[in-house]
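Secondary and tertiary structure notes
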Amino acid sequence: MYRILKEIWRLGIPGKKIISAKGQGPFRRSAAIRHVDAGSCNACELEIQALSGPHYGLEQVGLNLTASPRHADLLMVTGPVSRHMATALQDTFSAMPNPKKVVAIGDCACTGGIFAGSYAVVGAVEKVLPVAGQCPGCPPTPEAIRQTLVQVARQTRS
Amino acid sequence: MTELGSDTLPSVGQWQQILSAPPVWRVKVQAASWTSAALALRDQGGRLLGLWGEAGHENAFFYIHALGLGSTGYLWITLTVQSSEGQFPSLADIFPAASRMERALYDLTGIRATGNTDTRPWLRHQCWPAGIFPLREGQLDGRSFGVDGDADYPFQLIDSVDVHQIPVGPVHAGTIEPGHFRFSCIGEQILRLEERLGYTHKGVERLFQDRDVFAGARLAGRISGDTTAGYAWAYSMAVESIARCEIPPRAAALRAVCLERERMANHLGDLAALGNDAGFVFCQSQFLFIKENLLRENREIFGHRYLMDCIIPGGVAFDLNSAQIATMQRNSESWQRTVQRLDLLLQEHSGLRDRLVGTGKIAPARAAALGMAGLAGRASGQAWDLRVQFPHAPYQNLDVSMQLSPEGDVAARWQLRFREFYESVRLQTQLLLDLPGGDVSATIPESIPDGEALGIVEAWRGEVFVALSVENARIKRCHPHDPSWVLWPVLEEAVLNDIVADFPLINKSFNLSYSGHDL
């Protein structure tokens, strides 16, 4: 009890129940995430970095960021897919083992955002890869990102 | 404006001061004076801040712009190049940082710098055919590019059986932006590092064109997400110069609060990431914890965690009440106490010191030759801080104390972040105590007059500037410039006496922007 109260005092989250990724989907108890910046302005990256901070407990809900696409279940993409990153993005996806899913994080990855229509960007991630979940926002809050990731990880069908 | 034909330096009378918040001197020169002006600037101890190109009407002529900073203020030198000439004298021998800017200038406008031996593309990769220059008029009409990867970029390799190469990127192991690093190593020792950037090129300069100045502000805030307050302020400063609009004192003070909070947040984030890269997770958790609290307070009070769209042309888009000010004062005091405690603790931590001290060293003399500035420059003894040397409102009254260190290693950049954090807390406290009353924004007319101006601020990484020209109430040309342009080549040198395993730490200690550089 004391620990719960202390957590609330420290983090300001009033006893919110965190939904975990544990479910009946293909990833069962945990999902490993590979992040690729496809031309983002780096604000989405700041929020993803914030996710690994003590306020959010990413691993507590069964998610962890992995350094290699070979270990990854989810591909988390930020940015409006700059043409210069499109091939690297596709290569990263091909390097991932099945089953795998793609999550688009931020307005740019969802729609191309403010950079849509530029000669140097392809636009939304779904123009390049099949997208299973989207998290809009400029940038989306870490909570929204976590929620989207959990939802996609729990989806039963890919 | 004066056109100068002789090869002598223009005398002071021929320089024209343009209306702008900082003292900017503007002159148009011809090819012969171009180089001599740059030489004179260097000999006076000045630096090159940026170099960019602009296509004239129907691509008949081109402007090559250079912005320098000397002891008397900013020098904005413009060279006119006819399309039949198609070239201009390179400044790379005078200012080493000019080399990549000239390569980028060629990729975007097709004007070659003669004398620069490095003619490889810089921002252009293979999906974009050679001979297409996006900033020229009419070059993109009806054309769409592919997505080919950058497969055969000619790296400068060391040809020896003892040397092996390590290609890293553009997809990195951590959550960072994309870029390629090519290491040539003997064993673990780095013999050479070559960077290949441009992966986040989004055509920002082209996107600015033909927008109105208000739509441009939103884009300016998204050039580099971690410096959104810096870019938005620099951009707004340029717009206000053109519109001859003076912002209310309260707006200026609130902008400075934004800029200092951005500095605090980024320094905390970097301290966390440096701790993590040194394998010290305690450090990461502690600093991320404070940073997150700051971001949450930003969201509650300013409406955005990273302060995007808080600074707008004419002023700011928010106001503070006394309860919010009291909260901010109380919290910043408590963060300062925590950071001070961590500072003392970490100074005594031998394991951490072992990784930081002496790693990634750039000595002051070399730093001066490379034209370093900003946080990394000050950590190598380069005393440049626009808030101190060329203060604009509200910094004239704040007496900012410049933080300097002569060591130039990762430990110096680490320690400087602590000291700048304390200084930012002090500035914020002072700004909030003396917050002037009145409006938070002035009106910028929809029909903004034609003109060009410069906005420049000392953001957390270093000086950020935006050169803006407006015609018929639309943006004709906007060039945003990040301090990373000057600092990326420095990183190649900083790693030379270290091993590959130290690279993440050294890279993080600079924490340069890819997005702000690739545009």
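Thresholds, definitions, all that
- Residues numbered from 1 in each chain as written.
- Chains lettered and ligands numbered in written order.
- Predicted model: local features only at pLDDT ≥ 70, side-chain atom pairs only at ≥ 80, totals over all residues.
- Heavy atoms only, no water.
- Helix = DSSP H or I, 4+ residues; strand = E, 2+ residues; numbered from the N terminus.
- Rg over C-alpha atoms; globule rule 2.2 N^0.38 Å.
- Buried < 20%, exposed > 50% of the residue type's maximum accessible area, 1.4 Å probe, protein only.
- Contact = heavy atoms within 4.5 Å.
- Areas by Shrake-Rupley, 256 points an atom, 1.4 Å probe, with all protein chains shown as cover.
- Lys, Arg positive; Asp, Glu negative; His and termini not counted.
- Charge placed at Lys NZ, Arg CZ, Asp CG, Glu CD.
- Phe/Tyr/Trp six-rings, centres within 6.5 Å; stacked < 30°, edge-to-face > 60°.
- Lys NZ or Arg CZ within 6 Å of the ring centre and 35° of its normal.
- Pairing = 2+ DSSP bridges.
- Axes fitted to C-alpha atoms, helices over the stretch in contact; angles between N-to-C directions.
- Salt bridge = Lys/Arg side-chain N within 4 Å of Asp/Glu carboxyl O.

A closer look at the overall build of chain B
Scanning chain B for helices and strands turns up 16 helices and 16 strands. Against the compact-globule benchmark of 24 Å for 519 residues, chain B has a radius of gyration of 23 Å, which places it among compact chains. For chain B, the C-alpha atoms occupy an extent of roughly 70 × 65 × 45 Å along the three principal directions. Burial status across chain B gives 63% buried among its 519 residues. Long-range pairs, those at least 24 residues apart, make up 69% of the contacts in chain B between residues at least 6 apart in sequence. A total of about 18,200 Å² of accessible surface is found on chain B, and carbon and sulfur atoms cover 49% of it. Put simply, chain B has 46 plus and 60 minus side-chain charges, and the middle of one group is 3 Å from the middle of the other.

Things to note about the packing of aromatic side chains
The tally for this structure, following the rule as stated, stands at 22 aromatic pairs over all chains. Between A:Tyr119 and B:Trp128, the aromatic rings sit 5.8 Å apart at their centres with planes inclined by 65°, giving edge-to-face as the arrangement. Separated into two different chains, A:Tyr119 in the loop between α4 (107-111) and β5 (133-135) and B:Trp128 in the loop between β8 (112-114) and β9 (164-168) make up a pair that spans both. With a relative accessible area of 11%, A:Tyr119 lands in the buried category. Among the aromatic side chains, those forming a connected cluster through ring pairs are B:Phe181, B:Phe183, B:Trp488, B:Phe503 and B:Tyr514. In this structure, B:Arg26 is placed above the aromatic ring of B:Trp76, and the distance from its NZ or CZ to the ring centre is 4.3 Å. Above the face of the B:Phe155 ring, B:Arg182 is positioned so that its terminal group lies 4.1 Å from the ring centre.

So, the sheet that holds strand β15 (residues 463-471) of chain B
Residues and elements named next belong to chain B. Taken in spatial order, the three strands line up as β14-β15-β16 in an open sheet, and their pairing is antiparallel. Across the chains shown, the open sheet's two edge strands, defined by having one partner strand only, are β14 (451-458) and β16 (474-481). Averaged over all pairs of adjacent strands, the angle between strand axes in this sheet comes to 15°, irrespective of strand direction. Sheet analysis places β15 next to β16, joined by seven bridges and oriented antiparallel. In the strand pairing of β16, Phe465 is matched with His481.

Quick notes on the pattern of salt bridges
Residues and elements named next belong to chain B. Under the criterion given, the structure shown has 32 salt bridges over all chains. Residues Arg387 and Glu260 are paired through a salt bridge, measuring 3.1 Å at the closest nitrogen-oxygen approach. With a gap of 127 residues between them, Arg387 in helix α12 (residues 386-389) and Glu260 in helix α6 (residues 249-277) connect regions that are remote in the sequence. Look at the salt bridges and you will find they share partners, linking Glu260, Arg263, Arg378, Asp385, Arg387, Glu420 and Glu458 into a network.

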